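# Descriptive analysis of the structure
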Amino acid sequence: MLRRFRSLNSIAVTATHFAIILLIILCGDVDSLYDGNTDRGLYVLTEESFNPTVYRHIGPNRELRTESNLWIVQFYNSWCGHCIKFSPIYKALANRTQHWSAYLKLGVVNCADDLNRDLCTRFGIRQTPVLRLLTTGSHPANKGEDVEVRHSTTNLLQTVLDVMEYQRTPRELQPLPEQRVGELWASLPRSVNEVAVIVEPIGSHVGKEALLHALPNLHAIALRRAHNNNRALLDSLNVNERTTFVMFLDRLHPDEKGLVTLESLSRNSDPVAVFTNAIIRADTELTTRLRIQRRPQLGPVYGDTTSPAVRRPMQMQVHSASSFTLSVQTAVSGQDLNSAVLYSLSNEIARHNDITGREYETLKAYVTGLIKWVPVRPATLTALRILETSLRRGNGITGAEVTRLLRASNLNVDSGAIEWDHCKGSVPDRRGYPCGLWQIIHTMSVRAYEAGLLSAATVESNALAANGVLTAVIGYVEHFFSCGECSRNFMKGVASLRRNQVVVSNADAVLFLWRAHNNANRFLAGDLSEDPAHPKQQFPTLVQCLDCRNSADPQAQTIVWNEGNVLRFLREFYGAKRSAGATFVLE
Ligand SMILES: Cc1cc2nc3c(=O)[nH]c(=O)nc-3n(C[C@H](O)[C@H](O)[C@H](O)COP(=O)(O)OP(=O)(O)OC[C@H]3O[C@@H](n4cnc5c(N)ncnc54)[C@H](O)[C@@H]3O)c2cc1C
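First, a word on scope: everything that follows refers to the structure included in this document.

Calculation notes
Residues numbered from 1 in each chain as written. Predicted model: local features only at pLDDT ≥ 70, side-chain atom pairs only at ≥ 80, totals over all residues. Heavy atoms only, no water. Helix = DSSP H or I, 4+ residues; strand = E, 2+ residues; numbered from the N terminus. Expected span 1.5 Å × (residues − 1). Buried < 20%, exposed > 50% of the residue type's maximum accessible area, 1.4 Å probe, protein only. Core = buried A, V, L, I, M, F, W, Y, C linked by side-chain atoms within 4.5 Å. Contact = heavy atoms within 4.5 Å. Salt bridge = Lys/Arg side-chain N within 4 Å of Asp/Glu carboxyl O. Axes fitted to C-alpha atoms, helices over the stretch in contact; angles between N-to-C directions. Parallel < 35°, antiparallel > 145°, perpendicular 65-115°, else oblique. Left-handed = near helix turned anticlockwise from the far one by under 90°. Pairing = 2+ DSSP bridges.

Between its first and last C-alpha atoms helix α5 (residues 153–166) spans 20 Å; for 14 residues at 1.5 Å apiece the expected length is 20 Å, and the two agree. Looking at α5, one finds that the buried residues are L156, L157, T159, V160, L161, V163, M164 and E165.

Listed below in structure tokens is the structure:
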């Protein structure tokens, strides 16, 4: 009986474990822009797996590893539009470099995932996407160096190739010094009798890439790289060629050198593929001649156009907006506001190591603005008040202290507590927090405007309140919004709007932010980050407010707004007095 109870118990435990694991897997999938199983060449890293995977000192057989390979790790937020747009570029890079794993590995960390919160804070990640260069075998305290985020696969690949050359990983990427051919042979092991040298101009990336594709597949010939201004080497070989080419040299037959040049290629051929394949073919012939046992090839080499690795299309979702029913929202949702405040406190403000100076002043204004103008749940309000009191007392605060204050006020900031209502995306990784942050921004400005109307304030004090709200929300986006590119775009938009509009009243502040948001909507319409069920439109739409536009023609290129009616509509949507049918429920 006892045994039966035990076994039932263990089944229950196993089932619970299974359910938890399943939940973790499912949650991971929902939150992540990347899938370690299907995205070739990519490691999906977490707080738990990061150190053992990236900073491995001990190998599988408990041996001390001495290898020093490179890692490029992308820290991203799955909700961030620029991270969404960058993901096909990064996946394409991983696909293209997947066989270079002996020298370079690519990883991703989703900072929007609760489980990675401490990891992202440790790396000082404030605005995403961020690419960090790390070295296997270095100390885990090492935060790495930033690598520029480029917006095309070609440019990103070139940056990565330059980084690898600079890091001398692998050392064959280093161009040969000015030396005669005799010195080249002297620098190679005595057993090596054939060498392929890729020659290319400074700044070219063709040779570097071909070298990396070919190198892991070579058994008999050595591979080196030289610049085409290496006169000592080329003159000693009597080679006049000056563009990009590969030369094959034989120690035992110095007069027999082979050249593969760009001129010998047909117009449509890809030089990287041609050079790579020429080198591998030469190596195959030599190993056959020498009867060397070849390792199986590492997979289809780049340029083998029949291989699925090269042909695989980028995984982009094709949206068909017509297959969705568009819902008409009539008012801001309390749940979205509350969730956005929780997220901004726990995943943005608390991520900063030290908050001082202008950032500190911005934070004070933002927290005060939230308390005054943004309706949130009682527990959230209590936490905000505790934070505000602490901010009033000092002149600096750390993210760790913010986290401590949130915990002390018993606020649940786990992702389970952050749920989206109107801001919920129809597909994973769309909407959510950025939608919620816009809702905070507009609610704050509209409610400050309404309060000014009620208090019969003078024009001067109105202007003060308007500028206070503007400073708080613009400052927040500049210093704390973790989508880096969004923050920079927003600040550019604000600067250009400021050239045409002076904010002298609270109403001006409301319309200023409404315009800034509509400019973002115009810029992002049809973007990869768009939710198919919520296409970016000029707001309010015709359906939401017919008399907000002076022309009711939906095809009109330029909308002529009736700003008085827009202001009235924004009050109905974001203001304290809810419009009919609004779903603004707070306990
Ligand atoms: C400050 C800021 C800057 C951003 N910059 C970028 C960027 O550069 N690149 C990028 O890819 N993403 C950017 N984003 C994200 C992007 O603007 C959207 O928030 C995101 O794509 C989610 O879109 P959404 O469909 O939820 O609608 P959102 O644009 O987030 O809008 C949310 C809700 O606000 C209401 N709304 C829409 N327009 C207005 C308006 N003009 N005035 C008042 N209310 C309105 C609507 O009810 C809408 O459903 C930014 C976000 C913020 C907060």
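So, next bit.
Cis geometry is adopted by the peptide bond preceding P129, which originates at T128 and carries an omega value of 0°. Considering the arrangement of structural elements, one finds P129 in the loop between α4 (117–122) and β4 (130–135). Cis geometry is adopted by the peptide bond preceding P540, which originates at F539 and carries an omega value of -5°. With respect to the secondary-structure elements, P540 resides in the loop between α18 (506–524) and α19 (563–574). One non-glycine residue, N238, adopts positive backbone phi at about 60°.

Turning our eyes to something else, we now look at the nonpolar core. Y90, I279 and I440 are the most contacted members of the largest nonpolar core, which totals 128 residues. A per-element tally of this core places helix α15 (residues 433–454) first, with 10 residues. Excluding anything up to four places from it in sequence, Y90 contacts Y34, L42, I72, V73, Q74, L106, G107, V108, L131 and L156. One finds W185, A222, F245 and L249 within the second-largest nonpolar core, a separate group that totals 18 residues.

With that settled, the discussion passes to the pattern of salt bridges. Evaluation of the coordinates by the stated rule reveals 22 salt bridges. For R132, the salt bridge goes to D146, with nearest N and O atoms at 2.6 Å. In this pair, R132 is assigned in strand β4 and D146 in strand β5 (residues 145–147), connecting sequence segments 14 residues apart. A relative accessible area of 57% means that D146 is categorised as exposed. For R568, the salt bridge is made with E572, and the minimal N-O distance between the two is 3.2 Å. Taken as a pair, R568 and E572 lie in helix α19 at a separation of 4 residues, close to a single helical turn. The class for R568 is partly exposed, based on a relative accessible area of 34%. Where salt bridges share partners, they join D162, E165, E200, K208 and R225 into one cluster.

Now for the packing of helix α3 (residues 81–96) against α5. At a minimum axis distance of 9 Å, the contact between α3 and α5 shows a crossing angle of 55°. Comparing the axis directions of α3 and α5 gives the class oblique. Of the two elements, α3 crosses α5, and the hand of that crossing is right-handed. Contact with α3, carried on its side by F86, I89, Y90, A92, L93 and R96, involves T153, L156, L157 and V160 of α5 and no other residues of that element.

On to the sheet that holds strand β6 (residues 194–200), then. In space, the 4 strands of this open sheet follow the order β7-β6-β8-β9, with mixed pairing throughout. Both outer strands of the open sheet, β7 (222–227) and β9 (258–261), are each paired with one neighbouring strand and no more. Neighbouring strand axes in the sheet, compared pairwise and without regard to direction, differ in orientation by 20° on average. Summarising the sheet, β6 and β7 pair through 6 bridges and their orientation is parallel. Across the sheet, residue I198 finds its bridge partner in β7, namely R225.

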